[in-house]
Structure formats: structure tokens, C-alpha cells
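A closer look at the structure
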Amino acid sequence: MFNKLRKSYYLRISKKNLEHNATLQGGNHTIGPKSRVFLSNGAKKENVILKEGCWPRGSIFVSYDGVFIMHEHSQIDESTKIQCVNRIEIGAYTSISENTIVCDNNNHPVSPSYRKKMRLTPSGHKMRTWKYSANAPIIIGENCWIGANVRICKGVTIGDNSVVAACSVVTKDVPANCIVAGNPAKVVKTDIDKLPEPPFP
Ligand SMILES: CC(C)(COP(=O)(O)OP(=O)(O)OC[C@H]1O[C@@H](n2cnc3c(N)ncnc32)[C@H](O)[C@@H]1OP(=O)(O)O)[C@@H](O)C(=O)NCCC(=O)NCCS
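Residues take numbers from 1 onward in each chain, read along the sequence in its written order. This being a predicted model, a pLDDT of at least 70 is required before a residue's local features are given, and a value of 80 or more before pairs of side-chain atoms are given or counted; all residues contribute to the totals for chains, interfaces and linings. Side-chain descriptors were evaluated using all non-hydrogen atoms of the structure, hydrogens and water having been removed beforehand.

This next bit is on the overall build of the protein chain. Helix and strand counts for the protein chain come out as 2 helices and 19 strands. Here the C-alpha radius of gyration of the protein chain, 18 Å, is about what a compact globule of 201 residues would show, namely 17 Å. Reported as C-alpha extents along the three principal axes, the dimensions of the protein chain are approximately 60 × 45 × 30 Å. Any residue under 20% of the maximum accessible area for its type is buried, any over 50% is exposed, and the rest in between are partly exposed; the area is computed with a 1.4 Å probe on protein chains only. The buried share of the protein chain, reckoned over its 201 residues, is 42%. The way it works is that DSSP assigns letters per residue, a run of H or I at least four long becomes a helix, a run of E at least two long becomes a strand, and they are numbered from the N terminus. The globule rule is 2.2 Å times the number of residues to the power 0.38, and the radius of gyration it is compared with is taken over C-alpha atoms.

What follows deals with the sheet that holds strand E10 (residues 95-96). Pairing between strands is defined by DSSP: at least two bridges between the two strands are required. If you walk across this open sheet you meet the 7 strands as E4-E7-E10-E13-E16-E18-E19, and the pairing is mixed. The open sheet has two free edges, formed respectively by strand E4 (55-56) and strand E19 (186-189), since each of these has just one partner strand.

The subject of this paragraph is the sheet that holds strand E14 (residues 151-152). Judged by pairing direction, the sheet is parallel, and its 6 strands sit side by side in the order E2-E5-E8-E11-E14-E17 without closing on themselves. Either end of the sheet is taken by a strand with one partner, and the two such strands are strand E2 (36-40) and strand E17 (169-170). Bridge count between E14 and E17: 2 bridges; the pairing is parallel. Counterpart to Ile152 in the pairing with E17 is Val170.

Structurally, the position occupied by Thr129 is in the loop between helix H2 (112-119) and strand E12 (138-140). Two residues qualify as a contact provided that any one of their heavy atoms is within 4.5 Å of a heavy atom in the partner residue. In contact with Thr129, not counting residues within four places along its chain, are Asn41 and Tyr64.

The subject of this paragraph is the environment of Pro112. With respect to the element layout, Pro112 can be found in helix H2. For the pair Pro112 and Val85, spaced 27 residues apart in sequence, the C-alpha separation works out to 22 Å.

Right, let's get into the site of the ligand. If a single non-hydrogen atom of a residue is within 4 Å of a molecule or strand, that residue counts as near it. By nearness alone, every residue bordering the ligand is listed as Asn106, Asn107, His108, Val110, Arg151, Lys154, Val169, Thr171, Lys172 and Asn183. The definition of a polar contact used here is a pair of N or O atoms within 3.5 Å, where within protein one atom must be able to donate a hydrogen and the other to accept one, and adjacent residues in sequence count solely through side-chain atom pairs. Here Asn107 contributes a side-chain N or O atom positioned 2.7 Å from a nitrogen atom of the ligand. With respect to the ligand, the side chain of Asn183 contributes an N or O atom lying 2.9 Å from a nitrogen atom. Areas reported here follow the Shrake-Rupley algorithm with a probe of radius 1.4 Å; residue values treat only the protein chains shown as occluding. Surface burial for the ligand is 42%, taken as the share of its 910 Å² of free accessible area covered by protein chains. Polar here means any residue other than Ala, Val, Leu, Ile, Met, Phe, Trp, Tyr, Cys and Pro, which are nonpolar, and Asp, Glu, Lys and Arg, which are charged; Gly is therefore polar. For the shell around the ligand, a count of residues per class yields 2 nonpolar, 5 polar and 3 charged.

Every helix has an expected span of 1.5 Å times one less than the residues it contains. The terminal C-alpha atoms of helix H1 (residues 2-21) lie 29 Å apart, and with 20 residues this matches the ideal 28 Å at 1.5 Å per residue to within 8%. Within the span of H1, buried status applies to Ser14, Asn17, Leu18 and Asn21. Down the axis of H1, the buried side of the element spans an arc of 95 degrees, and every buried residue falls inside it. Among the exposed residues of H1, those pointing more than 90 degrees away from its buried face are Lys4, Arg12, Lys16 and His20. Of the surrounding secondary structure, the elements contacted by the buried residues of H1 are strand E1 (23-24), E2, strand E3 (48-50) and E4. Think of the arc as the fan of directions from the helix axis to the C-beta atoms.

With respect to the helices, strands and loops of the structure, Arg36 is situated in strand E2. Among the polar contacts made by the side chain of Arg36, one reaches the side chain of Ser14 at a distance of 2.8 Å. Once residues lying within four places of it in the same chain are set aside, the contact partners of Arg36 are Tyr10, Ile13, Ser14, Asn17, Leu18, Gly58, Ser59 and Ile60.

This part covers unusual backbone geometry. Of note, the amide linkage connecting Asn183 to Pro184 takes the cis form, showing an omega dihedral of -10 degrees. By secondary structure assignment, the location of Pro184 is in the loop between strand E18 (179-181) and E19. Its identity is not glycine, yet Asn28 carries a phi of approximately 60 degrees, on the positive side. One can find Asn28 in the loop between E1 and E2. The class of Asn28 is exposed, set by a relative accessible area of 61%. Non-glycine residue Asp191 carries a positive phi angle of around 55 degrees. Among the structural elements, Asp191 can be located in the segment after E19. Look at Asp191 and you get partly exposed, because its relative accessible area is 42%.

Purely geometric stuff here, so don't read any function into it on its own.
Below, the structure written as C-alpha cells:
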């Protein structure tokens, strides 16, 4: 009983948060108790688009002019984080599993002298924001499956239908219809669209 009440309380908070911080298009969104969109440094709710039937169950952080789009019936799992200062798109029917980070920037600049100066600034200072680290768009195609504990780095495009194996770090583009695995992720299987389909229950 207590757990049910707690869940419905958190679901109400999630719903309010998404309505306030994102643009919900169509209906049938599956919102979880931990669904959250965080806007910072002038990021706009118009730039966070959650299309028909998607499942935005994780944490979505958007900064500055960042654009984040979840296309129809795509999913991000509860403990997954999206970190966006440039552009991140998740294709229709694509599913992103737990503990994964999709981050379109380096988080911090690589320059040692910059980082040393940054250490002397307080938490939340502009120098620490993603805008000042290298960044590039991430486009994940349709009907992809991104496994658990993955990191997808800046500038990566993932082709339709591809699978990213658990615990991979994706630093380069992934072709369509393949499986990539490892750190840095490499193609380990191709033509998965030609695999026989198991019987549908
Ligand atoms: C390493 C990092 C800072 C990128 O630095 P960068 O100077 O922009 O490097 P590039 O993107 O140009 O990549 C350089 C090479 O390293 C590889 N690379 C980058 N990040 C990598 C990673 N995490 N794992 C394995 N290889 C990686 C690239 O594929 C590239 O390989 P190549 O030379 O064969 O083409 C970034 O990818 C990263 O890992 N950031 C840390 C994020 C983090 O842990 N944040 C926690 C919160 S602060």
C-alpha cells in the first residue's frame, strides 16, 4: 500500500516535470517515477521533443542551445542519462538500456591549463559547463538496441537496426544492421537484418 502511494506520488512529480520542461507530442508516453528533464543555462523546453508513444524513463540533461529528440516509440531506461549541449536524436523504435550515458560532449575540455583554472572555480561556474568542452551531434537511427552500461561519445551516428553490446564505448560511427562491441566499439557481426525471425508468440 505504502509503496503504491509512493510510486503514484513520484509518477505525478515526473509527469509535472516533463510537462514543464519538455514538449510532449502525440500521446501514450510511458513515464516512470524517475523520468526527469533538467534544463540549464537557457535551454528551452521547445528543444526537448518527446514524440508519440516514447518511454522517457531516465534523466535528460539539456544545456544552452542543446536539442534532444526522442522519436516515436523509442525508449530510455530508468538509470540512463542523456547529456546534451549540441544535438541528440534517438530514432523511432530504438531502445536504450539501463546505466547508459549518451553524451554529445567531452564534459570538460582536454586542455590541461584550462582544467587547472577550472578546478579553482566553484561548482556550477560557467567554465565547468559542457559548452566549453568539445561537442558534436549524436544521431541514433531507427530500431537500434543499445545495451546496458554503454557510453556513446560525441559525434557518433548509429545506423538503423544496429545493436551496441553491453559495456561498449562507442567513439566512431556504427553502420546499419550490425552489432558493435568493446572499447572502443568495433563491428563484431553484420547483416543482422538477414537473421531468421523467431516465431512471434
Ligand atoms: C577522452 C575524451 C575526453 C575525448 O577527448 P578528445 O581529445 O576529444 O578525443 P577524440 O574524441 O578526438 O578521440 C581521440 C581518440 O580516442 C578515442 N577515444 C575517445 N574517447 C574514448 C574512450 N572513452 N574510450 C576509448 N577510446 C576513446 C577516439 O576514438 C579517438 O581514437 P582514434 O585516434 O583512433 O580516432 C572523451 O571521449 C571522454 O572519454 N570524456 C570523459 C567523459 C567522462 O568520463 N565524464 C565523466 C564526468 S566529468
